[in-house]
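Listed here are the chains, written in short residue letters.
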Amino acid sequence: MPCVSAHVAITLARHVDHVFGVMGNGNAYFLDALERETSASFTAVRHEGGAVVAADAYHRAGGGLAAATATYGAGFTNTLTALAEAVQARVPLVLVVGDEPTSGRRSWDVDQIALASGVGARTYTVGRADAAATTIIAIEHALSYRVPTVLAIPYDVATVDAGPVPATPQPQLPEPLIPTGPFATAAVNDAAAALAGAHRPLLLAGRGAWLAGAGEALGALAEATGALTASTALGRGLFPDARYDLGVTGGFGAETAMALIHDADVAVVFGASLNQFTMRFGGLFAPGTRVIQVDVAPTATHPHIGGFIRGDAAVVANALVAELDARGAAPSGWRESLDLSGVTEHAPGEPLASDGRLDPRSAARRIAELLPSDRVVVTDGGHFLGWSNMYWPVASPDRMVMVGTAYQSIGLGFPSVPGAAMAKPDATIVLSTGDGGGLMALADLETAVRVAGGRGLAVVWNDAAYGAEVNLYGLKGLADGPMRIPEVDFAALASAVGAEGVVVRELADLDALADWTDRPADERPFLLLDLRISGEIIAPYYQEIFRVNS
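Here we summarise the structure given alongside this text. (Residues numbered from 1 in each chain as written. Predicted model: local features only at pLDDT ≥ 70, side-chain atom pairs only at ≥ 80, totals over all residues. Heavy atoms only, no water.)

The next subject is the overall build of the protein. Secondary structure assignment for the protein yields 21 helices and 18 strands. The C-alpha radius of gyration computed for the protein amounts to 24 Å, which stays within 12% of the reference 24 Å derived for 550 residues, consistent with globular compactness. By principal-axis analysis of the C-alpha atoms, the protein measures approximately 70 × 65 × 50 Å. For the protein, restricting intrachain contacts to residue pairs at least 6 apart in sequence, the fraction spanning at least 24 positions comes to 78%. Taken as two groups, the 35 positive and 58 negative side-chain charges of the protein have centres that lie 2 Å from each other. (Helix = DSSP H or I, 4+ residues; strand = E, 2+ residues; numbered from the N terminus. Rg over C-alpha atoms; globule rule 2.2 N^0.38 Å. Contact = heavy atoms within 4.5 Å. Lys, Arg positive; Asp, Glu negative; His and termini not counted. Charge placed at Lys NZ, Arg CZ, Asp CG, Glu CD.)

Below you can see the structure in the form of structure tokens.
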């Protein structure tokens, strides 16, 4: 008869098609049942943190519920940084782990429930009589609250006979949040009135608007108001009409585009939290701009917000279009009055910086010219974030996966690749990582190469330093020894696990990327470009950080 672990595996597999993980004592029987008794596939990673990262990236690139697994104790604690990132990023994910036996904690056990709670994840523990039902509860919690959930299998019940696996109900998920009541109606009408009277209207959308499927509704609202549009780093490509789109806001944005955003008299923000980077540390909008936020959060999320509508982005956008139509409002004409040619362009850079090393701007620009158009870009955290975000456009929000930025972590880049590769099996997966984060995530370089194969490309921005620290604390005069890294040959490391590694010291070396893209994916290896870049070139977004913190 099926054991408790089999009940968990079979029930979970009714709602996910893929699990990432590392096998250990606590999850061995779960993985055995997953492999033998379900249609879900399993990808082995080399570090438990990488299992959660891969699942996180799988969700961000493909949607739906994500799943990962690890053993108890050290296996579980290895997941905590990645779990904290997934909590901060609101990723629906179930992490199946072993746990201490019901008979009591052993000398090597830790309080896993407390540790998970400490980073914001709830734990559900299965038993002999309720394993399938508890699994459904954990799934429903993850999907309803958009948060990782830990599903724990105590060591001494993992193999206990639990009888036939029962049928389980489908998770009950919340409906889109509709503004109701007189206050909400007044807020929508007030926002419509502001847009109707605006001379320079702007619509700004984030990842929340993408999750709400609001692209078409926002396109209609932009058309009805004559608004310029822009997005956060996680919302790019959301608006259907690119002619009037100013690209990404904040430090990743082009200066000319940011000046136009600053000139807006009414800005309506959909599904974006307006963090300090998006808001340019308070300088994105002019003091006179009327900023209205539409979000499912309980309250406004930035002090510059002058009006707040709690509701689903698509629902509210459609309501605003209807109200503007009822008022007979005409488009502002602002966007048609502007010459927007070149408004989103960034500095081209020089072939080499003054120290003789590669200028990251010119390298990023050249790489953009050579990348396949079907790409999904995944990024680690670090100073280098600016280059891929500024120079490598993507088609839609599910093609820019930034695992680590919510928790401001580094070292999550390489394991993001297999998650994105499994979610987008026909796309080219392009990783942007630094040498510091790359070394931290090195265990899953092998996983990235094995899973993505010829659809995988890693760009390592190798400045022999922790660039974020050098460009903040180094410029403040702190001792820079702890900020420096001996120059590592990432090309050789990649070759050791079956990839093609290329050291790039000048732009001509990027011809290797041109040759790679010309070959069919099934006839080429994973490619890693080890860019020996200058640390003298500071990304514009990091100049803002230094300005605020200096």
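Here 6 strands make up an open sheet; going across it, the order is β2-β1-β3-β4-β6-β5 and the pairing parallel. On the outer flanks of this sheet lie β2 (41-44) and β5 (122-125), each paired with one strand and no other. Ignoring strand direction, the axes of neighbouring strands in this sheet form an average angle of 25 degrees. Here 4 bridges tie strand β1 (residues 18-21) to β2, and the two strands are oriented parallel to one another. Note on β2: the bridge partner recorded for H18 is S41. Across the sheet, helix α1 (residues 4-13) lies against β3 (66-70), β4 (93-99) and β6 (148-154), angled at about 155 degrees from β6, the strand it touches most. (Pairing = 2+ DSSP bridges. Axes fitted to C-alpha atoms, helices over the stretch in contact; angles between N-to-C directions.)

Glancing now at the nonpolar core. Grouped together as the largest cluster of nonpolar side chains are 58 residues, with contacts concentrated most on L95, V150, V378, V417, I429, F526 and L528. With 8 residues, the single largest contributor to this core is helix α3 (residues 48-62). Residues in contact with V150, not counting those within four places in the same chain, are F76, L83, L95, V97, A116, A121, R122, T123 and Y124. Counting 42 residues, the second-largest nonpolar core is a separate cluster that includes A233, L358, V394 and M402. (Core = buried A, V, L, I, M, F, W, Y, C linked by side-chain atoms within 4.5 Å. Buried < 20%, exposed > 50% of the residue type's maximum accessible area, 1.4 Å probe, protein only.)

So, about the pairing of strand β8 (residues 228-231). Every second residue of β8 is oriented toward a common face, with L228 and A230 on one face and T229 and S231 on the other, all of them buried. One ladder, built from 4 bridges, connects strand β7 (residues 201-205) with β8; its direction is parallel. Its bridge partner lying in β8, L202 is registered against L228. With 2 bridges joining them, β8 and strand β9 (residues 245-248) adopt parallel strand pairing. When the sheet's bridge partners are listed, S231 is paired in β9 with V248.

With that out of the way, let us pick up the side chain of T168. Locating T168 in the fold gives a position in the loop between β6 and α8 (182-196). At a separation of 3.3 Å, a polar atom in the side chain of T168 contacts the side chain of R14. Setting aside chain neighbours within four positions, we find T168 in contact with T11, R14, A132 and I136. (Polar contact = N/O pair within 3.5 Å; in protein donor to acceptor, adjacent residues only side chain to side chain.)

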